[in-house]
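# Structure assessment
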Amino acid sequence: MSLLPILEFPDPRLRTRAEPVTAFDAELRQFVADMLETMYAANGVGLAATQVNVHRRVLVADMSDDRQQPLVLINAQILEKEGTQVYQEGCLSFPGLYADVTRALQVKVKAQDVEGNEVVVEAEGPLAVCIQHELDHLDGKVFVDYLSSLKRTLLLKRLDKQRKQAAGA
Ligand code: NI
């Protein structure tokens, strides 16, 4: 297994639309294992393939307290959405940046597992947020796209400042 480098905003590759997975083979299994390892190592709760510059429709998530309940969704599609919730989101492609985003409270998702078997997942609360956030990545969308332009500008300025400080500039 190996850790994959994570693209950080504003890398234009984060805007790529991912293609469906068609081959459920050893290469895919290895990629999913690497994505999980990368997500856990970065203390993330979710990771989309787009973020590691692989433009296929794969996402992984784990919102459990013990960090031992990985969810792997391939070619996921939202079948139903219900309600709304506001949740403070972060993203491994925006280290140190958090913002409130409004999304559906519950989602019903159809996807495939790593073997290609169809799975249906019903999620609500934080896990529903996570799935919607990662699915957006696969469509080239990021969470700050939901903010007003004023709020986005302020947050991105702060992110830029943090980066410069971290770099010792
Ligand atoms: Ni993200």
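Just above sits the structure.
Scope of this entry: the structure provided in the associated data block.

Cut-offs applied
- Residues numbered from 1 in each chain as written.
- Predicted model: local features only at pLDDT ≥ 70, side-chain atom pairs only at ≥ 80, totals over all residues.
- Heavy atoms only, no water.
- Pairing = 2+ DSSP bridges.
- Helix = DSSP H or I, 4+ residues; strand = E, 2+ residues; numbered from the N terminus.
- Axes fitted to C-alpha atoms, helices over the stretch in contact; angles between N-to-C directions.
- Salt bridge = Lys/Arg side-chain N within 4 Å of Asp/Glu carboxyl O.
- Buried < 20%, exposed > 50% of the residue type's maximum accessible area, 1.4 Å probe, protein only.
- Polar contact = N/O pair within 3.5 Å; in protein donor to acceptor, adjacent residues only side chain to side chain.
- Contact = heavy atoms within 4.5 Å.
- Phe/Tyr/Trp six-rings, centres within 6.5 Å; stacked < 30°, edge-to-face > 60°.
- Lys NZ or Arg CZ within 6 Å of the ring centre and 35° of its normal.
- Donors = N, O, S within 2.8 Å, 3.2 Å for Na, K, Ca; no water.

## Thoughts on the sheet that holds strand β6 (residues 106-112)
Strand order in the open sheet formed by five strands is β1-β2-β3-β6-β7, and the pairing between neighbours is antiparallel. Edge positions in the open sheet fall to β1 (46-48) and β7 (118-124), since each of these has one partner strand only. On average, each strand axis in the sheet is inclined to that of its neighbour by 40 degrees, with strand direction left out of account. The pairing of strand β3 (residues 71-82) with β6 spans six bridges and is classified as antiparallel. If you follow E80 over to β6, its bridge partner there is K108.

## Thoughts on the pattern of salt bridges
Applying the stated criterion across every chain, the model contains nine salt bridges. A salt bridge links R13 to D11, with the shortest nitrogen-to-oxygen separation between them at 2.7 Å. Among the ionic pairs, E89 bridges to R103, the shortest N-O distance being 2.6 Å. Pair noted here: E89 is in strand β4 (residues 85-89) and R103 is in strand β5 (residues 99-103), with a separation of 14 residues, a long-range link. The pair formed by E89 and R103 is uniform in burial state, with each residue classed as buried. Sharing partners across several salt bridges, the network here consists of R17, R57 and D139.

## Things to note about the side chain of Q132
When you line up the elements, Q132 lands in helix α2 (residues 126-138). Within the structure, Q132 has its side chain in polar contact with the backbone oxygen of A104 (distance 2.9 Å). When residues no more than four places from it in sequence are discounted, the contact partners of Q132 are I78, K81, R103, A104 and V107.

## Observations regarding the packing of aromatic side chains
All chains considered together, the criterion is met by two aromatic pairs. With a centroid separation of 4.6 Å and 25 degrees between ring planes, the pair formed by F9 and F94 is classed as stacked. Of this pair, F9 sits in the segment before α1 (26-41) while F94 sits in the loop between β4 and β5, and the two are 85 residues apart along the sequence. Judged by centre distance (5.1 Å) and plane angle (90 degrees), the rings of F94 and F143 are edge-to-face. A residue pair is termed long-range when its members are at least 10 positions apart, and F94 in the loop between β4 and β5 and F143 in the loop between α2 and α3 (149-166) qualify at 49 residues. By the burial criterion, F94 is buried, and F143 matches it. Members of the aromatic cluster, joined through ring pairs, are F9, F94 and F143. Looking at R56, its charged tip hangs above the ring of F31, at a distance of 5.4 Å from the centre.

## With respect to the coordination of the nickel ion
Distances from the nickel ion to its protein donors, C91 (SG), H133 (NE2) and H137 (NE2), fall within 2.0 to 2.2 Å. When the donors of the nickel ion are listed by position in the chain, the intervening gaps give C-x41-H-x3-H. With H133 and H137 both in helix α2 and four residues apart, the pair spans about one turn of that helix. By relative accessible area, which is 6% here, H133 ends up buried.

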